[in-house]
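Fold and geometry: a report
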Amino acid sequence: GVGIVTDEGEDPILANPRHTYITPPGTGFLPRETAEHHRSHVIQLVKAALKEAKLDSKDIDAIAYTKGPGMGGPLQVGALVTRTLSLLWKKPVVGVNHCVGHIEMGIRLTEAKDPIVLYVSGGNTQVIAYSLRRYRIFGETIDIAVGNTLDRFARVIGLSNDPSPGYNIEQCAKKADGQTLIELPCVVKGMDVSFSGLLSEITRIAKTQLKSGQVTKEDLCFSLQETIFSMLVEITERAMAHCGKKDVLIVGGVGCNKRLQQMMAVMAAERGGKVATMDHRYCIDNGAMIAWAGLMMFKSGIVTKLKDTTITQRFRTDAQEVTWRDDSAGEQ
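A brief structural summary.

On to the environment of Ile 228. One can find Ile 228 in helix 7 (residues 217–243). Spatially, the C-alpha atoms of Ile 228 and Pro 185 are 9.4 Å apart, while their sequence positions differ by 43 residues. Beyond its immediate stretch of four places on either side in the chain, Ile 228 contacts Val 146, Thr 149, Leu 150, Phe 195 and Leu 198.

Structure below.
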């Protein structure tokens, strides 16, 4: 995705075109093939973004790109294109932490005030709060991410990857009777979670009981969601109690899930708080979120030298110093 944003006016997003890589049912995506997809579409997306925003390259102040975390191949494509455009257009560059991009976009669009952040995506599951110029990770997955768990189970039962496996699991779960809850491992360790055992068990059940009619795809999807989301609600509530916060912001692709939003809203309301969410345009990875975080960083004086426009596949959320926030807000 390629986004163009501004800090002038009510709507910061001037353009946000995106082209999603979708693989056949039963398959995932490989770094090399994903990188090839990015190479094939990035130039057209840059042109489309400029056209949608009604701007020219001379109107751009800086170029932001995703430094990490993520898969090496796709990240390298973004870094290479960024360096090229920086040299052609003579614009400064800002390397952005992907996770921080999600958080900053969520805070800007929902106007959430110092919330606990639940970041749930294909590659990440983290419970986060701001403190002392960092987005601190209070809990996370100790093995695979929630989105990866959903994606892999969708492959097991042959669900389509269009528009996304997680979305199709959500739709399948809605067709369940809502009364049949299959018991699955629920592994919560303080504010950390584990999904690998849960995935192994539900995969075993699907392979041994689905064809015989002992279980249905709908009941499996329903049970998977209910178990996983209850774990996420539990660790989020624990972080809220620990940090003394009332509100929750959900970001990342899995944050689009209406059932997760509903369960989280019930918990937050019981604590006198509320949940801030976004729709699929901004929950799912997009260019505008990187552009917005880049703008905040650029305005605070952060510029990445061209020789440092590298990638970091394991770029932790708390590794980025948050220089653009008032440290008196949200300090614990």
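This next bit is on the nonpolar core. In this structure, Phe 153, Ile 228 and Leu 232 are the most contacted members of the largest nonpolar core, which totals 47 residues. Ile 13, Val 100, Ala 288 and Leu 295 belong to the second-largest nonpolar core, a separate cluster that totals 34 residues.

This part covers the state of the cysteines. Here the structure, examined in full by the defined rule, presents zero disulfides. Not part of a disulfide, Cys 186 finds its nearest cysteine sulfur in Cys 221, a span of 18 Å. No disulfide involves Cys 283; its sulfur sits 4.0 Å from that of Cys 256, the nearest cysteine.

Once that is clear, we can look at the pairing of strand 6 (residues 125–131). For strand 6, a buried count of seven out of seven residues is recorded, marking the element as mostly surrounded by other parts of the structure. Burial along strand 6 is two-sided: Thr 125, Val 127, Ala 129 and Ser 131 and Gln 126, Ile 128 and Tyr 130, pointing in opposite directions, are all buried. Summarising the sheet, strand 5 (residues 116–120) and strand 6 pair through four bridges and their orientation is antiparallel. Pairing of Val 120 across the sheet is with Thr 125, part of strand 6. Connecting strand 5 to the antiparallel partner strand 6 that follows it, the hairpin turn spans four residues. Linking strand 6 back to strand 7 (residues 134–140) in an antiparallel pair, the connection comprises two residues, with Leu 132 at a positive phi of about 50 degrees.

What follows is about the packing of helix 4 (residues 146–156) against helix 7. The geometry of helix 4 relative to helix 7 is characterised by a closest axis approach of 12 Å and an angle of 170 degrees between their N-to-C directions. Between helix 4 and helix 7, the angle falls in the class roughly antiparallel. Where helix 4 approaches helix 7, its residues Val 146, Thr 149, Leu 150 and Phe 153 are matched on the opposing element by Leu 220, Cys 221, Leu 224, Ile 228 and Leu 232. Of the residues that constitute the contact of helix 4 with helix 7, the class distribution is eight nonpolar, one polar and no charged.

For the coordinates displayed, the defined rule picks out one aromatic pair. Centre to centre, the rings of Tyr 130 and Tyr 135 are 5.7 Å apart; their planes meet at 65 degrees, and the pair counts as edge-to-face. Of the two residues examined, Tyr 130 and Tyr 135, each falls in the buried class.

For the structure shown, the criterion picks out one cavity of 30 Å³ or more. Lining the largest cavity are Ile 107, Asp 114, Pro 115, Val 117, Ile 128, Ala 129, Tyr 130, Tyr 135 and Arg 325. The element contributing the most residues to the lining of the largest cavity is strand 6, with three residues.

Turning our eyes to something else, we now look at unusual backbone geometry. Across the junction of Gly 68 and Pro 69, the peptide omega takes the value -5 degrees, indicating a cis bond. Mapped onto the elements, Pro 69 comes out in the loop between strand 3 (63–68) and helix 2 (72–89). With omega at 0 degrees, the peptide bond leading from Asp 162 into Pro 163 counts as cis. Residue placement: Pro 163 occurs in the loop between helix 4 and helix 5 (165–174). We note that Lys 54 has phi near 60 degrees; this positive angle belongs to a residue other than glycine. Position of Lys 54 among the secondary structure elements: in the loop between helix 1 (31–53) and strand 3. Given the relative accessible area of 74%, Lys 54 is considered exposed. Despite not being glycine, Leu 132 shows a phi value in the positive range, around 50 degrees. Looking at the element boundaries, Leu 132 is found in the loop between strand 6 and strand 7. Residue Leu 132 is classed as partly exposed on the basis of its relative accessible area of 41%.

Our focus in this paragraph is helix 3 (residues 98–110). Over its 13 residues, helix 3 extends 18 Å from the first C-alpha to the last, a length consistent with the 18 Å expected when each residue adds 1.5 Å. Among the 13 residues of helix 3, 10 are classified as buried, and the element is accordingly described as predominantly covered. Those residues of helix 3 not exposed but buried are His 98, Cys 99, Val 100, Gly 101, His 102, Ile 103, Glu 104, Met 105, Gly 106 and Ile 107. A positive phi of about 60 degrees marks Glu 111, the residue just after helix 3.

Calculation notes
- Residues numbered from 1 in each chain as written.
- Predicted model: local features only at pLDDT ≥ 70, side-chain atom pairs only at ≥ 80, totals over all residues.
- Heavy atoms only, no water.
- Helix = DSSP H or I, 4+ residues; strand = E, 2+ residues; numbered from the N terminus.
- Contact = heavy atoms within 4.5 Å.
- Core = buried A, V, L, I, M, F, W, Y, C linked by side-chain atoms within 4.5 Å.
- Buried < 20%, exposed > 50% of the residue type's maximum accessible area, 1.4 Å probe, protein only.
- Disulfide = S-S within 2.5 Å.
- Pairing = 2+ DSSP bridges.
- Axes fitted to C-alpha atoms, helices over the stretch in contact; angles between N-to-C directions.
- Parallel < 35°, antiparallel > 145°, perpendicular 65-115°, else oblique.
- Nonpolar A, V, L, I, M, F, W, Y, C, P; charged D, E, K, R; others polar.
- Phe/Tyr/Trp six-rings, centres within 6.5 Å; stacked < 30°, edge-to-face > 60°.
- 1 Å grid on protein atoms, 1.4 Å probe; cavity = no way out; pocket = protein on both sides within 12 Å on 5 of 7 lines; lining within 4 Å.
- Points joined across faces, edges and corners; volume = space filled by probe spheres on them.
- Expected span 1.5 Å × (residues − 1).

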